[in-house]
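A structural walkthrough
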Amino acid sequence: MKSIVSVLLVGSLVCCFAFLRSDLDVRAEPPSSAPVLPSGPLGETIRLGQELVERTTTHPLSKLFVGNDLNCTSCHLKNGTDPKAATFLGVAAAYPAWSPREQRVITLEDRILNCFMRSCNGVRPPLGSKVSVAIASYITWLSEGKILRMNAENPKGPNAVPRLTVKLESASIERGERLYSKKCATCHGKDGAGKDDHPPIWGRRSFNQGAGLADTVQLASWLKVAMPLDETDLADQEALDIAAFVNTHDRPAFDLKNHLPVESRLGEYNAEQTR
Ligand code: HEC
Ligand code: HEC
């Protein structure tokens with residue numbers, strides 16, 4: 001009897017993953033420890049959130065809010081399921097959190113929407129909108145079962161990219177340029193503009209000056225755990241030199257007022273207004 005129950009249980013888990021993965025890219029594979037997708041509208045909303053993270057620039061619900069060629073997954077690798085590269089695993093358990101930048105306690109939704117304004121060089125979607133709720137549902141799902149531990153210092157989850165202990169003054173743009181030609185240009189282009197599935201890393205279609213990665217040490221720290229894609233092998237100093245070279249190029253300026261929606265669109269009543 002027991003074994004029948006466990007066969008049924010395993011069978012239904014496999015079905016759930018098959019359902020979740022049916023029309024998604026292989027890179028979207030959830031980690032083996034991922035919780036089971038809830039049934040009904042909540043499960044559908046989580047799935048929608050995953051699609052929005054993967055196809056932010058092309059999905060009809062999110063593309064209006066994006067001002068460059070980057071999807072969330074361009075930096076949160078494998079839709080945030082890569083355990084190192086700005087992972088979403090465990091993130092939801094750190095919110096609400098104190099944010100030195102906003103000088104406020106912010107929610108997970110706030111954090112998500114702010115990435116639209118900066119990393120995606122777009123406009124902040126309204127709080128409570130489908131885009132916002134779906135992405136928050138997806139990221140929260142990836143933290144199911146994790147212990148809630150709100151972060152009183154930074155809006156960062158327990159597995160955030162560790163900041164490299166390098167000295168910015170020691171960065172060499174010349175060394176960075178040589179390393180870039182050797183290790184990065186084949187995918188992102190000599191001009192940094194990227195092509196096909198390789199996103200632009202500077203210029204007007206990349207992240208703006210207000211994004212986290214516009215900070216050279218933060219970019220170096222992310223490169224160390226994320227690039228070259230699938231074969232991260234940079235020494236700390238190399239990551240810093242390359243980051244310094246990348247950030248000598250122009251990218252869109254950031255002026256907050258150009259990225260906030262009109263006041264009446266800052267928030268939405270989160271309900272179907274039928275009753
Ligand atoms: C240009 C790269 C880039 C893009 C594009 C981007 N982000 Fe981020 N995002 C970052 C970096 C870097 C961090 C800091 C992460 C860290 O320290 O681990 C971050 C942080 C976050 C966090 C907080 C993580 C934590 O540990 O608390 C969330 C949530 C988030 N981003 C959501 C999104 C969503 C949703 C999108 C798409 C709408 C997006 N980001 C697009 C680079 C990016
Ligand atoms: C094999 C191809 C490849 C190589 C080599 C490579 N990248 Fe990437 N890079 C990618 C892809 C693909 C993404 C987006 C990830 C995704 O969509 O899954 C990316 C994302 C990025 C991003 C974040 C998104 C953006 O456009 O700003 C930066 C920054 C970046 N790479 C910099 C570099 C640097 C610097 C190097 C050299 C150390 C490098 N990459 C080497 C393929 C590559």
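Residues numbered from 1 in each chain as written. Chains lettered and ligands numbered in written order. Predicted model: local features only at pLDDT ≥ 70, side-chain atom pairs only at ≥ 80, totals over all residues. Heavy atoms only, no water.

What to know about the nonpolar core
Y180, L219, W222, L223, I242 and V246 are the most contacted members of the largest nonpolar core, which has 33 residues in total. Elements supplying a minimum of two residues to this core: helix 5 (173-183), helix 7 (216-226) and helix 8 (236-246). With seven residues, helix 7 is the largest single contributor of residues to this core. Shared between two domains, this core holds at least three residues of each, these being domain 1 (23-160) and domain 2 (168-246). Among the nonpolar cores identified, the runner-up in size contains 28 residues, and V66, A97, C120 and W141 belong to it. (Core = buried A, V, L, I, M, F, W, Y, C linked by side-chain atoms within 4.5 Å. Buried < 20%, exposed > 50% of the residue type's maximum accessible area, 1.4 Å probe, protein only. Helix = DSSP H or I, 4+ residues; strand = E, 2+ residues; numbered from the N terminus. Domains from an automatic or database assignment.)

Overview of the site of ligand 2
Among the 23 residues in the neighbourhood of ligand 2, the closest are listed as C184, C187, H188, P200 and M227. At 2.8 Å from a nitrogen atom of ligand 2 is found a side-chain nitrogen or oxygen belonging to H188. Partitioning the shell around ligand 2 into residue classes produces 16 nonpolar, four polar and three charged. (Near = heavy atom within 4 Å. Polar contact = N/O pair within 3.5 Å; in protein donor to acceptor, adjacent residues only side chain to side chain. Nonpolar A, V, L, I, M, F, W, Y, C, P; charged D, E, K, R; others polar.)

What about the packing of helix 3 (residues 108-117) against helix 4 (residues 130-141)?
It is at 9 Å that the axes of helix 3 and helix 4 come closest, and there the two elements cross at 115°. Once helix 3 is placed against helix 4, the crossing between them reads as right-handed. The segment helix 3 lies against helix 4, with L108, E109, I112, L113 and F116 engaging V131, S132, V133, I135, A136, I139 and T140. (Axes fitted to C-alpha atoms, helices over the stretch in contact; angles between N-to-C directions. Left-handed = near helix turned anticlockwise from the far one by under 90°. Contact = heavy atoms within 4.5 Å.)

Details of the site of ligand 1
Not every one of the 25 residues close to ligand 1 is listed here, only the nearest: C72, C75, H76, Y95 and C115. Between ligand 1 and P155 there is a distance of 3.2 Å, counted from an oxygen atom to a backbone nitrogen or oxygen. Contact between ligand 1 and G157: an oxygen atom at 2.7 Å from a main-chain N or O atom of the residue. Here the shell around ligand 1 takes five residues from helix 3, the largest share from any one element. Here the shell around ligand 1 is composed, by residue class, of 18 nonpolar, five polar and two charged. Each of domain 1 (23-160) and domain 2 (168-246) accounts for three or more of the residues forming the shell around ligand 1.

Looking at the coordination of the iron atom of ligand 1
The protein atoms that coordinate the iron atom of ligand 1 are H76 (NE2) and C115 (SG), at distances of 2.1 to 2.5 Å. Each of the six donor atoms around the iron atom of ligand 1 contributes to a set of angles spanning 81 to 179°, which defines the coordination as octahedral. Of the two residues, H76 sits in the loop between helix 2 (40-54) and strand 1 (97-99) while C115 sits in helix 3, which places them 39 residues apart along the sequence. (Donors = N, O, S within 2.8 Å, 3.2 Å for Na, K, Ca; no water. Tetrahedral: all angles 85-135°; square planar, octahedral: opposite > 155°, others 65-115°.)

Here's the deal with the coordination of the iron atom of ligand 2
Taken together, the protein ligands of the iron atom of ligand 2 are H188 (NE2) and M227 (SD), with distances of 2.0 to 2.4 Å. Coordination at the iron atom of ligand 2 is octahedral, judged from the six donor atoms that bind it and the angles of 88 to 178° they form at the metal. Here M227 lies in the loop between helix 7 and helix 8 and H188 lies in helix 6 (residues 185-188), a separation of 39 residues in the sequence. Like M227, H188 is buried.

Some points on helix 4
End to end, helix 4 covers 16 Å across twelve residues, agreeing with the expected 16 Å (1.5 Å per residue, within 8%). Extensive coverage of helix 4 is indicated by the burial of nine of its twelve residues. (Expected span 1.5 Å × (residues − 1).)

Let's talk about the pattern of salt bridges
Pairing between side chains of opposite charge can happen when their charged atoms approach one another. Evaluation of the coordinates by the stated rule reveals ten salt bridges. Residue D215 is joined to R163 by a salt bridge in which the shortest nitrogen-to-oxygen separation is 3.4 Å. Of this pair, D215 sits in the loop between helix 6 and helix 7 while R163 sits in the loop between helix 4 and helix 5, placing them 52 residues apart in sequence. The class for R163 is exposed, based on a relative accessible area of 51%. A salt bridge links D236 to K224, with the shortest nitrogen-to-oxygen separation between them at 2.9 Å. Separated by twelve residues along the polypeptide, D236 in helix 8 and K224 in helix 7 bring together distant segments of the chain. By relative accessible area, D236 is classed as partly exposed at 30%. (Salt bridge = Lys/Arg side-chain N within 4 Å of Asp/Glu carboxyl O.)

Overview of the environment of D110
Along the polypeptide, D110 turns up in helix 3. For D110, a relative accessible area of 16% translates into the label buried. Among all residues touching D110, those that are not within four sequence positions of it are R124 and L127.

Observations concerning the confidence of the model for the chain
With 88% of its residues at a pLDDT of 70 or more, the chain has an overall mean of 89. Counting interchain partners and residues more than four positions distant, the pLDDT-below-50 stretch residues 1-29 has 27 contacts. (pLDDT = per-residue confidence, 0-100.)

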